[in-house]
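Residues per chain are reported as follows:
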Amino acid sequence: MANARSEILSRIREALKVVAPKPHFKSEPHGNSAAQNAKPWLPDGGATMTARLDLLTENLAKLKANLIRVPDATAAQQALQSIAQAKHWKKVAYHSHPLVAPAVEALLCEKWEVTSSFDKQKLEACDAGVTSCEAIVAQLGSILVSSVSSGGRSLSILPHVHVVIATVDQVTADLEGCFSDMLARHGQKLPSMLSFITGPSRTGDIERILVLGAHGPKELYVILVG
Amino acid sequence: MSNAKEIFLKEATTAAADGPQRIFINKALGGYYANRDIQKARFRDWERARDAASLAKWEAVNDLANTLETFVTKFESNGGKVHWARDAEEARQIMLRLIAAANAKAVVKSKCMTTEEIHLNDALEKAGYSVVESDLGEFIQQLRGEAPYHFVFPCMHVKREEISALFTKHLGTAATNSPEELTMIARRHLRQLYVDADVGITGANFLVAETGQISITENEGNARLTAALPRIHIALSGIEKVVKKLDDLSVLLPMLATAGAGQPMTCYNTLYSGPRKPGECDGPEEFHLVLLDNARTQLLADPEQRDSLHCIRCGACLNVCPIFKNIGGLAYGTTYQGPIGSVITPHLRGLKQWNHLSGASSLCGACTDACPVRIDLHHHLLHNRRNANQTSPTLFDRLFHRGFNFVISRPRLFALGGRVFRFTLPVLKKIPLPYLSAWLKTRDLPSAPAQSFRQQWKDSSHG
Ligand code: SF4
């Protein structure tokens, strides 16, 4: 029996001997990728930083995520503290990051730093996970977290609330820019997980009625510094 | 008549006669239409974005062997392992082997239609593993012992009272009418299962050749948990899911969300490029990807319908299809329902048994208009009808067409036939004729005009 890989590949090559016509469009997308000049057709990402921040504010509000803008790290710390108090958090998980760790460590409740070989059960019992992010996409209101920049894979999904602390210069216009930034930043060594988070976890599976907090966080806070 | 056809006709007739259920489905889809239009309007040019999406898929599918090889090399250099499966049986065997080698007891799954296609759950359960569907809709369908109704909205036909009763029966929870509380019941129940599972199984929406990443789109966060907590992550994907560039996703992800669920972006769009890397604090130790052919290469060999491999499984064609809205998703009896299912199922599972689905269309073209990657769906239904007639015509088709040819090419005979028909029509209407009576059950046969068209033409000034 031929091995499956070579058999499937030869089936494909055989099948493709008959050429299918290239779809014909009124304006041919061109460039390095089919998507490259699609940018002007996609939702706007904002040409200036002010436009981006306005878009982001609007998009996050529609997604039912909470955006808190603060001038500096101290104010970020206070913002986090007031959410923790208002929500009566008992235990907060975080990872070591210059923006995240000082803010969490100043909290009055119990704090728990996620390091390698943490206990999943313990993380599940936390009220909130606080992370940094790779980027924020104004065009869609998406927060890009990664297994490198955001304390692994679980911290941003397992606790019941997710708080992201980011700086204004992390706000990018659109997905395209975000992808090229990622390739430039990480090169061949991409984090094993990159995840665009667009609002708190949700489902419409019961009668197509929107419910937040299906399996992931029920609430998403974005504290934007600067 | 094929068995599948008989079942289809029976189920479709029952479902179409269920008025309240149809109203319920239409109501459930109402919110989708409104949100979809809002999100479409945020595109600066939706039609041209469709061109770009279509082209991105065309480029990958029409260079599939090279694109896949690039992808696989990249994927494996990131530490994952690829397994190739020619058909469903081979895919099941591979997955069973991986699970057995892991000494796993519990398996948790996130939504993946390809696993439905290969009937993975049955195979796993027969082998003695407990498998839990973690997507809320799939979880409900699993408890109901029913196939998904819609490949994006699996339980859109189930009412909240039924879900409440189902949870009471299986999970022992108190009755409630609130979708929110019902969702929380499932959330609490499933959370512990993620923590305990040894193996997590997911699908993939896109495979990115440039970076060797797989992309998973979801709203609930269950796929994120499935790929984070268990020790081993196994993903199953059709070979046609590959795209060339990471940047292609900057078009495809927003379009999938908008067309599929009326969202700007689905809640979690996650790219995985390998198992946990040194320096990362969690993630699976092993990451396997099973690449499935299962007759996709046959579809590829048909240049006319090759574009149906561009499908990104958004479900938009189902949501606008008058047939789907009337007969529902279960009647199809297929893994992929609606227009796209009617197009590809005959290729995947045999034209002879499944050609009847090509007739389950009003040819209105709503599906083709809705498709974000511009698959020529309603024409493909016609192509299937033609192909079925050419390759395996029924006795009736053969006799009918031969007779038709004979008569139509003889003008006198044609005129005579017309006269006889006009004359006998009132009588014919009264006797139940095979074929005709089924057609006439829901339609009126008008009475014949006194004169044939040719006679009228002659009598008029044209003559
Ligand atoms: S055929 Fe087009 S509209 Fe239908 S599910 Fe596939 S991508 Fe969506």
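It should be emphasised that the depicted structure is a prediction, and the values quoted were computed from it without experimental measurement. (Residues numbered from 1 in each chain as written. Chains lettered and ligands numbered in written order. Predicted model: local features only at pLDDT ≥ 70, side-chain atom pairs only at ≥ 80, totals over all residues. Heavy atoms only, no water.)

Draft legend 1. How the structure looks around the interface of chain A and chain B. Taken together, the contacts link 93 residues of chain A with 102 residues of chain B. Regarding the contact of chain A and chain B, the summed buried area is about 8,600 Å², with carbon and sulfur atoms giving 60% of it. The interface formed by chain A and chain B includes seven salt bridges. The shortest N-O distance in the salt bridge between A:Glu7 and B:Arg86 comes to 2.6 Å. Mapped by element, the contributors of at least two residues to the side of chain A that touches chain B are helix H1 (4–15), helix H2 (49–62), helix H5 (120–124), strand S6 (142–146), helix H6 (175–186), strand S9 (193–197), strand S10 (202–203) and strand S11 (211–212) of chain A. A per-element tally of the side of chain A that touches chain B places H1(A) first, with nine residues. When the residues that make up the side of chain A that touches chain B are grouped by side-chain class, the tally is 47 nonpolar, 28 polar and 18 charged. In the sheet, S9(A) pairs with strand S9 (residues 268–272) of chain B via five bridges, with the strands oriented antiparallel. Following the sheet pairing, A:Ser195 is matched in S9(B) by B:Thr270. (Contact = heavy atoms within 4.5 Å. Buried area = accessible area lost by both parts, 1.4 Å probe. Salt bridge = Lys/Arg side-chain N within 4 Å of Asp/Glu carboxyl O. Helix = DSSP H or I, 4+ residues; strand = E, 2+ residues; numbered from the N terminus. Nonpolar A, V, L, I, M, F, W, Y, C, P; charged D, E, K, R; others polar. Pairing = 2+ DSSP bridges.)

Draft legend 2. Spotlight on the domain arrangement of chain A. Once the domains are mapped, chain A shows domain 1 (2–37) and domain 2 (49–225). When each unit is reduced to the centre of its C-alpha atoms, the spacing between domain 1 of chain A and domain 2 of chain A is 38 Å. (Domains from an automatic or database assignment.)

Draft legend 3. Expanded view of unusual backbone geometry. All names here are of chain A. With phi around 55 degrees, His88 is a residue other than glycine that occupies positive phi space. Within the fold, His88 resides in the loop between helix H3 (73–86) and strand S2 (91–94). On the basis of relative accessible area, His88 is assigned to the exposed category, the value being 61%. Unlike most non-glycine residues, Arg208 shows phi in positive territory, near 60 degrees. With respect to the helices, strands and loops of the structure, Arg208 is situated in the loop between S10 and S11. (Buried < 20%, exposed > 50% of the residue type's maximum accessible area, 1.4 Å probe, protein only.)

Draft legend 4. Local environment of the site of the ligand. All names here are of chain B. The full set close to the ligand counts 14 residues, and Cys311, Cys314, Gly315, Cys317 and Cys371 are the nearest of them. Among the detected pockets, the ligand sits in the second largest cavity. Taken together, the residues that form the shell around the ligand break down as twelve nonpolar, one polar and one charged. (Near = heavy atom within 4 Å. 1 Å grid on protein atoms, 1.4 Å probe; cavity = no way out; pocket = protein on both sides within 12 Å on 5 of 7 lines; lining within 4 Å. Sits in = over half its atoms within 2 Å of the grid points.)

Draft legend 5. Summary view of the nonpolar core. The biggest cluster of nonpolar side chains holds 159 residues, and the ones touching the most others in it are A:Ile12, B:Phe167 and B:Ile214. Sorting elements by how many residues they give to this core places helix H12 (residues 249–261) of chain B first, with seven residues. With near-sequence residues (within four places) excluded, A:Ile12 lies in contact with B:Leu64, B:Ala65, B:Leu68, B:Ile239, B:Thr297 and B:Leu300. In this structure, A:Ala76, A:Leu80, A:Val92 and A:Cys109 belong to the second largest nonpolar core, which totals 24 residues. (Core = buried A, V, L, I, M, F, W, Y, C linked by side-chain atoms within 4.5 Å.)

Draft legend 6. Examining the layout of surface pockets more closely. All names here are of chain B. What the largest pocket holds in volume is close to 2,100 Å³. The wall of the largest pocket is formed by 37 residues, among which Lys5, Leu9, His356, Gly359 and Ala360 lie closest to the centre. Broken down by element, the residue count for the lining of the largest pocket peaks at six residues, all from helix H1 (residues 3–16). For the lining of the largest pocket, a count of residues per class yields 17 nonpolar, 14 polar and six charged. (Points joined across faces, edges and corners; volume = space filled by probe spheres on them.)

Draft legend 7. Representation of the pattern of salt bridges. Within this structure, the stated rule accounts for 30 salt bridges over all chains. Between A:Arg11 and B:Asp293 there is a salt bridge, and its shortest N-O distance comes to 2.5 Å. Residue A:Arg11 is found in helix H1, and its partner B:Asp293 is found in the loop between strand S10 (286–292) and helix H13 (296–300); the two belong to separate chains. Classification of A:Arg11 by relative accessible area gives partly exposed; the value is 27%. A salt bridge links B:Glu240 to B:Arg296, with the shortest nitrogen-to-oxygen separation between them at 2.8 Å. With a gap of 56 residues between them, B:Glu240 in the loop between strand S7 (232–238) and strand S8 (242–243) and B:Arg296 in helix H13 connect regions that are remote in the sequence. Given a relative accessible area of 4%, B:Arg296 falls into the buried group. Taken together, the shared-partner salt bridges connect A:Glu7, A:Arg11, B:Arg86, B:Glu90 and B:Asp293 into one network.

Draft legend 8. Representation of the packing of aromatic side chains within the structure. Tallied over the entire structure, the rule returns 13 aromatic pairs over all chains. When the centroid spacing of 5.6 Å and the interplanar angle of 25 degrees are considered together, the rings of B:Phe396 and B:Phe400 count as stacked. Of this pair, B:Phe396 and B:Phe400 both sit in helix H21 (residues 395–408), four residues apart, roughly one helical turn. When the ring centre of B:Phe153 is taken as reference, the NZ or CZ atom of A:Arg208 above it lies at 3.5 Å. The side chain of B:Arg313 reaches across the aromatic face of B:Tyr336, ending 4.1 Å from its centre. (Phe/Tyr/Trp six-rings, centres within 6.5 Å; stacked < 30°, edge-to-face > 60°. Lys NZ or Arg CZ within 6 Å of the ring centre and 35° of its normal.)

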